[in-house]
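The chain contents come next:
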Number of protein chains: 2
Amino acid sequence: MTLRTRLTEKLGIVHPILLAPMGAVSGGRLAAAVSDAGGLGLIGGGYGDTAWLDREFAAAGNRRVGCGFITWSLAKNPALLDRVLAHAPAAIMLSFGDPRPFAARIRAANSILICQVQSRDHALQALDAGAEILVAQGTEAGGHGGTRATLPLVPALADLVAARAPGAMVVAAGGIADGRGLAAALTLGAEGVLVGTRFYASAESLGHANAKARIAAAAGEETVRTSVFDIVRGHDWPDRITGRALRNDFTARWHGSERALAAALERETPRYKAAAEAGDAATAVIFAGEGADLIDDVPPAGVIVARIMAEAERALEAAARRLA
Amino acid sequence: MTLRTRLTEKLGIVHPILLAPMGAVSGGRLAAAVSDAGGLGLIGGGYGDTAWLDREFAAAGNRRVGCGFITWSLAKNPALLDRVLAHAPAAIMLSFGDPRPFAARIRAANSILICQVQSRDHALQALDAGAEILVAQGTEAGGHGGTRATLPLVPALADLVAARAPGAMVVAAGGIADGRGLAAALTLGAEGVLVGTRFYASAESLGHANAKARIAAAAGEETVRTSVFDIVRGHDWPDRITGRALRNDFTARWHGSERALAAALERETPRYKAAAEAGDAATAVIFAGEGADLIDDVPPAGVIVARIMAEAERALEAAARRLA
């Protein structure tokens with residue numbers, strides 16, 4: 001069983017499931033596993049470490065995968081895009097910043113431009129850049145994101161795209177960790193889903209084993225959108241873009257006291273770095289979305305894809321049977 | 001066409017659509033119109049004005065309707081519950097507070113207990129009270145609500161209810177303004193939806209005509225979760241429960257400066273009250289959810305119900321057709 005959508009046609013994939021390009025988590029092995037299972041794996045370009053990206057594209061072997069970037073970070077090192085395009089990625093996903101300076105090079109390399117957006121204004125900018133796929137990302141997503149929630153954002157952007165650029169399409173992200181979420185995304189007008197946290201807790205992800213175990217044990221309410229991990233790491237994110245992470249001792253101490261943290265970086269940044277290197281989850285960030293409620297194991301990515309598809313089929317058939 | 005679910009069976013209604021009991025907006029005429037159209041109308045008990053409630057039950061005539069209360073406010077005037085139960089409501093919905101002190105009287109009056117919840121802990125408390133219907137309310141909802149988003153909250157609570165109280169059921173609320181939202185709710189494991197903002201902008205709602213026009217014109221991004229309207233009105237809401245409203249001059253001035261507002265109430269409260277009485281939308285609150293993107297007119301409530309059902313049918317059939 002599969003679901004045929006405009007996304008599966010556009011990308012030449014079997015299942016309408018994209019791996020979120022999670023920095024330091026979505027490596028080549030995980031991206032390859034998602035592609036092998038019939039979705040499309042996107043390697044996490046993160047803040048742009050050239051050696052890491054070369055290594056992870058090598059780890060993906062000859063599998064068809066893509067890559068995602070933090071746009072405002074890529075803008076500081078635009079040559080990185082050419083380096084990645086040399087690996088012939090199936091798609092490039094740009095999030096958090098103006099995609100327009102990069103669109104022409106992506107098209108010229110025969111790669112597909114995916115733009116992740118958090119609002120109507122972002123969506124208009126992405127369409128202006130010629131994006132063929134818009135990922136409508138809700139605030140329930142793990143990692144960096146905005147304020148709008150997935151359920152009402154997806155149909156609003158589906159209507160916008162249908163009116164302005166009917167050749168383009170919307171993919172849903174944020175809170176989707178099982179097949180019910182995929183089924184819901186399709187009824188809301190999306191052509192597929194982008195899944196992060198569920199794949200973080202997979203066998204192939206580069207996340208620390210402790211982090212995967214914490215995600216599998218965590219509830220959605222244990223997550224919080226916060227800037228404290230960006231402040232302590234010295235990352236200068238745009239206004240209103242925060243990172244959803246599991247609450248820990250560090251958020252308990254600093255979330256809500258951001259100015260005090262910014263004033264204490266000389267002491268706190270070295271402490272944070274040491275804790276992160278030691279894999280100390282009480283201090284180090286574990287990005288995770290509200291879908292954590294729906295995650296309670298750490299299986300291979302291929303098992304996750306197969307489960308999502310089977311659950312989506314059941315959910316759609318059960319809902320359609322209720323029509324009387 | 002209709003959708004048969006456990007909610008329609010339980011409540012003896014035709015369509016799985018509940019009117020959110022919006023204080024000062026969901027009066028008897030609107031509740032009756034939703035019930036006439038095949039859903040169930042819930043009159044908005046708000047902060048508990050006895051004369052208003054008697055009048056609105058009278059306005060509902062002999063239609064089968066229910067009533068919703070702000071639980072922490074009802075706890076200050078528990079006799080109000082008996083007054084409303086004397087009108088033989090089909091259901092009583094309790095939100096924002098411990099429902100357990102009221103459950104036995106509701107059951108004894110042969111009314112159905114609906115509890116609106118914003119988290120797993122709230123859900124456990126509602127099940128402990130014997131609630132038969134749990135409304136899982138996402139943060140994208142208009143008016144008062146919590147922090148969790150609808151799309152991941154609904155399946156998490158559906159799993160919880162299935163494990164703990166399989167005779168009970170989940171209804172989805174927050175961001176649902178059209179039939180795509182209803183279809184998504186069903187695939188997520190809900191048995192129906194509770195709809196607020198869409199019915200605010202209806203012919204029968206008691207909202208001011210200016211407020212209805214603003215909702216019809218507004219985008220989801222023009223809404224914000226804030227406490228400033230509660231502070232200026234002197235309502236003491238529980239921690240972490242805020243109200244989603246349209247941004248206006250008042251939120252621009254005070255949102256983020258809550259302490260300053262609390263210190264300026266002697267001047268600001270009379271100003272606010274005068275503005276609210278004058279229908280001045282630049283100052284007065286208009287509660288609205290992120291589904292505002294999907295609302296662009298002010299039709300009769302019966303038209304809204306019929307549209308939601310037709311759209312849900314289309315969305316479910318289109319999604320099911322993608323199964324290959």
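Before reading further, recall that the structure is shown in the block above.
None of the values given here were measured: they were computed from a predicted structure.

Peer 1: For this particular structure, what's the right way to read the pattern of salt bridges?
Peer 2: Oppositely charged side chains can pair when the atoms bearing their charge come close. Throughout the structure, instances matching the rule amount to 40 salt bridges over all chains. A salt bridge links A:Asp178 to A:Arg180, with the nearest nitrogen and oxygen atoms 2.9 Å apart. Take A:Asp178: its relative accessible area is 7%, and that puts it in the buried class. Its relative accessible area of 16% is what places A:Arg180 among the buried residues. The closest approach of N and O atoms between B:Asp36 and B:Arg63, which form a salt bridge, is 3.1 Å. A residue pair is termed long-range when its members are at least 10 positions apart, and B:Asp36 in helix α2 (residues 28-36) and B:Arg63 in the loop between α3 (50-59) and β3 (66-70) qualify at 27 residues.

Peer 1: When you look at the relation of the copies chain A and chain B in this model, what are you seeing that I'm missing?
Peer 2: Between the two copies of the chain lies a rotation about an axis combined with a shift along it. Least-squares fitting of chain A to chain B yields an RMSD of 0.0 Å, with the transformation described by 0.0 Å of translation along the axis and a rotation of 180 degrees. Here the two chains are linked by the operation of a two-fold rotation axis. Ranked by how close their C-alpha atoms come to the rotation axis, the residues of chain A are headed by A:Ala184, at 2.1 Å. Residue by residue, 100% of the interface of chain A is reproduced at the interface of chain B, so both copies engage with the same surface.

Peer 1: I keep staring at the pairing of strand β5 (residues 112-117) of chain B and nothing clicks. Help me out?
Peer 2: On any regular strand, side chains alternate: one points to one face of the sheet, the next to the other face. Residue and element names in this part refer to chain B. The element β5 is extensively covered by neighbouring structure, given that 6 of its 6 residues are classed as buried. The side-chain alternation of β5 yields two buried faces, one formed by Ile-112, Ile-114 and Gln-116 and the other by Leu-113, Cys-115 and Val-117. Taken together, strand β4 (residues 91-95), helix α6 (residues 100-108) and β5 constitute a β-α-β crossover, and its handedness is right-handed. One ladder, built from 4 bridges, connects β5 with strand β6 (residues 133-137); its direction is parallel. Each residue of the ladder has a partner; that of Ile-114, found in β6, is Ile-133. Where the polypeptide runs from β5 across helix α7 (residues 120-128) and back to β6, its parallel neighbour, the crossover connection is right-handed.

Peer 1: So what exactly am I meant to see when it comes to the interface of chain A and chain B here?
Peer 2: Interfaces are often sized by the amount of accessible area the parts lose when they come together. On the side of chain B, 47 residues touch chain A, which itself brings 47 residues to the contact. Here chain A meets chain B over a buried area of about 3900 Å², counting both sides, of which 59% is carbon and sulfur. Interface area lost by chain A to chain B is led by A:Leu151, A:Arg322 and A:Leu323, which between them contribute 19%. There are 10 salt bridges connecting chain A and chain B. Between B:Arg148 and A:Asp293 there is a salt bridge whose closest N-O contact spans 2.9 Å. When residues of the side of chain A that touches chain B are traced back to their parent elements, those giving at least two are α7 (120-128), α8 (150-164), α9 (179-187) and α16 (301-321) of chain A. Looking at the side of chain A that touches chain B, its residues break down into 20 nonpolar, 11 polar and 16 charged.

Peer 1: Help me understand the packing of α9(A) against α16(A), please; the structure alone is not making it clear to me.
Peer 2: What describes two packed helices is the angle between their axes and the distance between those same axes. Residues and elements named next belong to chain A. The geometry of α9 relative to α16 is characterised by a closest axis approach of 7 Å and an angle of 55 degrees between their N-to-C directions. With respect to their mutual orientation, α9 and α16 come out oblique. Note on packing geometry: the crossing formed by α9 with α16 is right-handed. On α16, the residues touching Gly-179, Arg-180, Leu-182, Ala-183, Leu-186 and Thr-187 of α9 are Ile-308, Met-309, Glu-311, Ala-312, Ala-315 and Leu-316. Residues that form the contact of α9 with α16 fall into these classes: 8 nonpolar, 2 polar and 2 charged.

Peer 1: Can you help me understand the nonpolar core in this one?
Peer 2: A general feature of soluble globular proteins is that nonpolar side chains tend to end up buried together. In this structure, A:Phe69, A:Phe199, B:Phe69 and B:Phe199 are the most contacted members of the largest nonpolar core, which totals 200 residues. If we skip the residues at most four places from it in the chain, B:Phe199 touches B:Ile17, B:Leu18, B:Leu19, B:Met22, B:Leu30, B:Val34, B:Ser205, B:Ala301, B:Ile304 and B:Val305.

Peer 1: Whenever I open this one, the sheet that holds strand β11 (residues 242-246) of chain B confuses me. Can you help?
Peer 2: The strands making up a sheet associate through hydrogen bonds between their backbones, and the pairing can be parallel or antiparallel. Residue and element names in this part refer to chain B. With respect to topology, 3 strands assemble into an open sheet ordered β7-β11-β10, the strand pairing being antiparallel. The sheet is open, and its two borders are formed by β7 (143-145) and β10 (223-226), each paired with just one other strand. Neighbour-to-neighbour, the strand axes of the sheet open up by a mean angle of 30 degrees, direction not taken into account.

Peer 1: I tried to follow the sheet that holds strand β6 (residues 133-137) of chain A on my own but got confused; where do I start?
Peer 2: Residue and element names in this part refer to chain A. One open sheet holds the 8 strands; their spatial order is β1-β9-β8-β6-β5-β4-β3-β2, and the pairing between them is parallel. Each of the sheet's edge strands pairs with one partner strand only, and the pair in question is β1 (17-19) and β2 (42-44). Strand-to-strand twist of the sheet, defined as the mean angle between neighbouring strand axes without regard to direction, takes the value 30 degrees. Two strands pair when backbone bridges link them, and strand β4 (residues 91-95) and strand β5 (residues 112-117) are joined in this way by 5 bridges, in the parallel orientation. Within β5, the position partnered with Leu-94 by the bridge is Cys-115.

Analysis parameters
- Residues numbered from 1 in each chain as written.
- Chains lettered and ligands numbered in written order.
- Predicted model: local features only at pLDDT ≥ 70, side-chain atom pairs only at ≥ 80, totals over all residues.
- Heavy atoms only, no water.
- Salt bridge = Lys/Arg side-chain N within 4 Å of Asp/Glu carboxyl O.
- Buried < 20%, exposed > 50% of the residue type's maximum accessible area, 1.4 Å probe, protein only.
- Helix = DSSP H or I, 4+ residues; strand = E, 2+ residues; numbered from the N terminus.
- Least-squares fit on C-alpha atoms with pLDDT ≥ 70 in both.
- Contact = heavy atoms within 4.5 Å.
- Right-handed = clockwise from strand over helix to strand, strands pointing away.
- Pairing = 2+ DSSP bridges.
- Buried area = accessible area lost by both parts, 1.4 Å probe.
- Nonpolar A, V, L, I, M, F, W, Y, C, P; charged D, E, K, R; others polar.
- Axes fitted to C-alpha atoms, helices over the stretch in contact; angles between N-to-C directions.
- Parallel < 35°, antiparallel > 145°, perpendicular 65-115°, else oblique.
- Left-handed = near helix turned anticlockwise from the far one by under 90°.
- Core = buried A, V, L, I, M, F, W, Y, C linked by side-chain atoms within 4.5 Å.

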